[in-house]
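# Observations on the three-dimensional arrangement
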Amino acid sequence: MRTGLYDRLVRAGATRRDILKGAASMAAIAAASGAGLGALTRPASAASELRSKILQIPGVGKGQPTDADFQKVGELCLEATKANVKEGEFAGVELTFMGLNNQNLHNVLFRGFLKPWEAYTGAKISWIDLAQADYNARLQQSIATGTVDFDIIEMGAPFEGDVCGKGLTSEMPDWVKKQIDFDDLVNYLKPPVGTWDGKQYRVTIDGDTHNFNYRTDVFADADLAKQWKDGGGEGEWGVPKTWQQVQAVTKFLKGKKFKGQDVYGYLDAPKPWGGFGFYFLGSRATAYAKHPDDKAWLFDADTMKPRINNPAWVRAIQDVIDALPSEPADQINADPNTTGFQQFLAGTGSMIPWWGDIGSNVKTNDSSVIGDVTGFSILPGSDDVYNSKTGKWEKLASGPNYSPNCAYLGWGVYVMARVDKDEKKKKAAWSAAAHLGGKDLSIWTAMYPSGFQPYRNSHFDIPEWVAAGYDEAFITSYLKSEGDSYNHPNAAIEPRIPGIFQYYSAAEDILANTFAGKMKAQEGADAIAAAWEKLTDQIGREKQIKLYKASLGLA
């Protein structure tokens, strides 16, 4: 490549990886016209100078961010705080923050982001770090014993019934809504999410949906295509669009080689994960269980009778049982962290569902070897869907049934009510929450490994991602999978009812025994249903019915 052209590309924002990967094509584009460099030189329409600057910290393709990077981003994004807080205003205030340290993300980043905030405001923060598997138990213990020992918590909307519904949280002041540009949230994360009894409680820092991540090189391989055809595989070799195809491909790939290595299909996550692992069975089940004419899919809306043991859910459980022998050895002991970060990013397996974290991690995580060979879509569909009202399977005239699993409704930052009696401390806590939920800081967390995924309308500006170093085709595929999931008319929406993680945790424990062969699929499902019925009666059936209907928009 000519030195002059190289310099132009670098000045335009191209990474070394971009240049090495496509020097010939980029030279041709650049030679054609100055406008030919559009994807690299055109400033993102919604990107401010600040956003462009922070998105180069450290720069996509330049290694995984460090604590120094987190602090730089936090420092550069402090202007919104300064508009509402005087320097040193919170001197003497001490706050306790409880959140995850999952994969060295979440709290690890918050520390860096808030370090310059502490220096400016004078407040001090102490941290309670929790592993994902310990989170639910720790929070439930605090609630049950009345020993809330934190001022700020990182928490998901599913817990709002347990926490906000019991008056444990502080109502968001109006100045916070303005500072974080509340209206920029995607529609499905707006109220009632984040509210309880009409009051706003949460600063959203994440959006959650499971999308489908797959290896483009595996599904474009001519040799595998020939083997598929020779072996009588149905249709052309390619990315599965339905769960029936996922199963067929997973079984076909058992014992096959790709680029000299063992190649696997779908990666299940059977090991319990503090209740969060239930979402991965849910992603197999929604296309079977969420009928387009019925908003309910976990319980009957009028009775709270569990649907977990109906034919749709039992089919999903049986799918896992049937697929495990074709997955990597000891897959029974894999939790979602294993499938996402130790397996898929490292090149093991060709299909997983996950929250949107995988999309940014395949490009920016140092452990990823699949940054150039990953594609995305909404979750697979099903050739037929179970109608709980008729008790029959149906084939839709429109084709396969799709139902993205909008699992967990994203992480948020909540301030606890115990600070309300001290106005200075209350303002400090909300200021810290607002800093973490700031609009500009949020685009950085969406692009880099953080534990969070796009959740604002302003996160879907493809030129801004391209200018930061993402491949246009890659990021278009990724953002489309996220947006199509959020906006899908038959999306399966998280029920924000009290005790939901008690339901999920009870299910996870029984599922682990079922996947291990100690129970049949129907037996395991019936045991979960029985446990869920007891929980509903303990919490209060009539109250649960009312809240479940409200969460589905049926109230």
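For every chain, the first residue of the written sequence is number 1, and numbering continues from 1 onward in sequence order. Since the coordinates come from a predicted model, pLDDT governs what is reported: local features require at least 70, and pairs of side-chain atoms require 80 or more to be given and counted, while whole-chain, interface and lining totals use all residues. Water and hydrogen atoms play no part in the side-chain values, which are based on all heavy atoms of the structure.

Okay, the overall build of the chain next. A run of DSSP states H or I qualifies as a helix once it reaches four residues; a run of E qualifies as a strand once it reaches two. Both are numbered from the N-terminal end. The secondary structure content of the chain amounts to 24 helices and 16 strands. Computation of the radius of gyration draws on C-alpha atoms alone. For the globule rule, the value is 2.2 Å times the number of residues to the power 0.38. The C-alpha radius of gyration of the chain comes to 24 Å, within 12% of the 24 Å expected for a compact globule of 555 residues. Dimensions of the chain, computed from C-alpha atoms along their principal axes, come out at roughly 70 × 65 × 40 Å. Per-residue burial for the chain yields a buried fraction of 59% across its 555 residues. The Shrake-Rupley method, run with a 1.4 Å probe, gives the accessible areas here. Residue values count only the displayed protein chains as cover. Of the accessible surface of the chain, which amounts to about 21,300 Å², a share of 50% is contributed by carbon and sulfur atoms. For the chain, the distance from the average site of its 60 positive side-chain charges to the average site of its 67 negative ones is 2 Å. When accessible area is computed with a 1.4 Å probe and restricted to protein chains, residues below 20% of their type maximum are described as buried, those above 50% as exposed, and intermediate ones as partly exposed. Counting rule for charge: Lys and Arg are taken as positive, Asp and Glu as negative, and neither His nor the chain ends is counted. Note on charges: their place is set at NZ of Lys, CZ of Arg, CG of Asp or CD of Glu.

A few words now on the pairing of strand E10 (residues 351-354). Burial of the side chains of E10 extends over both faces: Met-351 and Pro-353 are buried on one face and Ile-352 and Trp-354 on the other. The pairing of strand E7 (residues 211-215) with E10 spans four bridges and is classified as antiparallel. Among the inter-strand pairings, Phe-212 is bridged to a residue of E10, identified as Pro-353. In this description, strands pair whenever DSSP reports at least two bridges between them.

Here we take up the side chain of Gln-200. Along the chain, the position of Gln-200 falls in strand E5 (residues 199-200). For Gln-200, a relative accessible area of 7% puts it in the buried group. Each polar contact in these results corresponds to two N or O atoms within 3.5 Å; when the atoms are within protein, one needs to be able to donate a hydrogen and the other to accept it, and residues that are neighboring in sequence are counted only if both atoms are side-chain atoms. Engagement of the side chain of Gln-200 in a polar contact is seen with the backbone oxygen of Gly-194, the distance being 3.3 Å. A distance of 3.1 Å separates a polar atom in the side chain of Gln-200 from the backbone oxygen of Arg-202. Not counting residues within four places of it along the chain, the set of residues in contact with Gln-200 comprises Glu-171, Met-172, Lys-177, Phe-182, Pro-191, Val-193, Gly-194 and Thr-195. Pairs of residues are marked as contacts when any of their non-hydrogen atoms sit within 4.5 Å.

Moving on, we get to the packing of helix H15 (residues 311-323) against helix H22 (residues 500-515). For the pair H15 and H22, the least separation of the axes is 10 Å and the interaxial angle reads 45°. Comparing their axes, H22 and H15 come out oblique. Crossing geometry of H15 relative to H22 is assigned as right-handed. Residues Ile-317, Val-320 and Ile-321 of H15 form the contact with H22, whose participating residues are Leu-511, Thr-514 and Phe-515. By the convention adopted, Pro, Cys, Tyr, Trp, Phe, Met, Ile, Leu, Val and Ala count as nonpolar, Lys, Arg, Asp and Glu as charged, and the other residues, Gly among them, as polar. For the contact of H15 with H22, a count of residues per class yields five nonpolar, one polar and no charged. Here the axes come from fitting lines to C-alpha atoms, over the contacting stretch only for helices, and the angles between their N-to-C directions go from 0 to 180 degrees. Should an angle lie under 35 degrees it is considered roughly parallel, over 145 roughly antiparallel, and from 65 to 115 roughly perpendicular; all remaining angles are considered oblique. Left-handed describes a crossing in which the near helix is turned anticlockwise from the far one by less than a right angle; the clockwise case is right-handed.

Contact geometry of H22 with helix H23 (residues 521-539) gives a least axis separation of 9 Å together with a crossing angle of 160°. By the criterion of interaxial angle, the relationship of H22 to H23 is roughly antiparallel. Relative to H23, H22 is oriented so that their crossing is right-handed. Listed contacts from H23 to Gln-502, Tyr-503, Ala-506, Ala-507, Ile-510, Leu-511 and Thr-514 of H22 are Ala-521, Gly-524, Ala-527, Ile-528, Ala-531, Trp-532, Leu-535, Thr-536 and Ile-539. For the contact of H22 with H23, the class distribution of residues is 12 nonpolar, four polar and no charged.

Moving on, we get to the sheet that holds E7. Taken together, three strands build an open sheet; the order of strands is E10-E7-E11 and the sheet is antiparallel. Only two strands of the sheet have a single partner each, and these edge strands are E10 and strand E11 (374-377). Each strand of the sheet is rotated relative to its neighbour by a mean of 30°, with strand direction disregarded. Sitting on the sheet, helix H16 (residues 336-344) touches E7, E10 and E11, and the angle it makes with E10 is about 130°.

This part is about the pattern of salt bridges. Every case where a carboxyl oxygen of Asp or Glu lies within 4 Å of a side-chain nitrogen of Lys or Arg is listed as a salt bridge. Taken as a whole and assessed by the stated rule, the structure comprises 26 salt bridges. The salt bridge partner of Lys-439 is Asp-181, with a shortest N-O separation of 3.1 Å. Note that Lys-439 is positioned in helix H19 (residues 439-447) and Asp-181 in the loop between helix H11 (174-179) and strand E4 (195-196), a separation of 258 residues in sequence. On the basis of relative accessibility, which here comes to 28%, the residue Lys-439 falls in the partly exposed class.

Okay, helix H14 (residues 278-289) next. Extensive coverage of H14 is indicated by the burial of 12 of its 12 residues. Every buried residue of H14 is accounted for by Phe-278, Tyr-279, Phe-280, Leu-281, Gly-282, Ser-283, Arg-284, Ala-285, Thr-286, Ala-287, Tyr-288 and Ala-289.

Where a strand is regular, its side chains alternate between the two sheet faces. Across the five residues that make up strand E15 (residues 411-415), a large majority, five, are buried. By the alternation rule, side chains of E15 split into Trp-411, Val-413 and Val-415 and Gly-412 and Tyr-414, which are all buried. Pairing geometry for strand E3 (residues 152-156) and E15, over five bridges, is antiparallel. Within E15, the position partnered with Glu-154 by the bridge is Val-413.

Turning our attention to the packing of aromatic side chains. Geometry of aromatic contacts follows a simple scheme: Phe, Tyr and Trp rings, the Trp one being its six-membered ring, pair when their centres are within 6.5 Å, and the pair is stacked under 30 degrees between planes, edge-to-face over 60, tilted otherwise. Across all of its chains, the model carries 52 aromatic pairs by this definition. With 6.1 Å between their ring centres and 40° between their planes, Phe-90 and Trp-117 make a pair best called tilted. Within this pair, whereas Phe-90 is found in the loop between helix H7 (79-82) and strand E1 (94-100), its partner Trp-117 is found in helix H8 (residues 107-121), the two being separated by 27 residues in sequence. For Trp-117, a relative accessible area of 0% translates into the label buried. Lysine and arginine charges are scored as sitting over a ring when NZ or CZ, respectively, is within 6 Å of the ring centre and within 35 degrees of the ring normal. Over the ring of Phe-252 we find Lys-256; its NZ or CZ atom is 4.3 Å from the centre of that ring.

Considering every residue of the chain, the mean pLDDT works out to 91; 91% of them sit at 70 or more. Within the model, the stretch residues 1-47 combines pLDDT values under 50 with 50 contacts to residues more than four positions away or in other chains. pLDDT: the predictor's confidence for each residue, scored from 0 to 100.

Another aspect to go through is the environment of Asp-330. Examined against the element boundaries, Asp-330 turns out to sit in the loop between H15 and H16. Considered as a pair, Asp-330 and Leu-436 are 106 residues apart in the sequence and their alpha carbons are 39 Å apart. For Asp-330, the side chain forms a polar contact with the side chain of Asn-333, separated by 2.6 Å.

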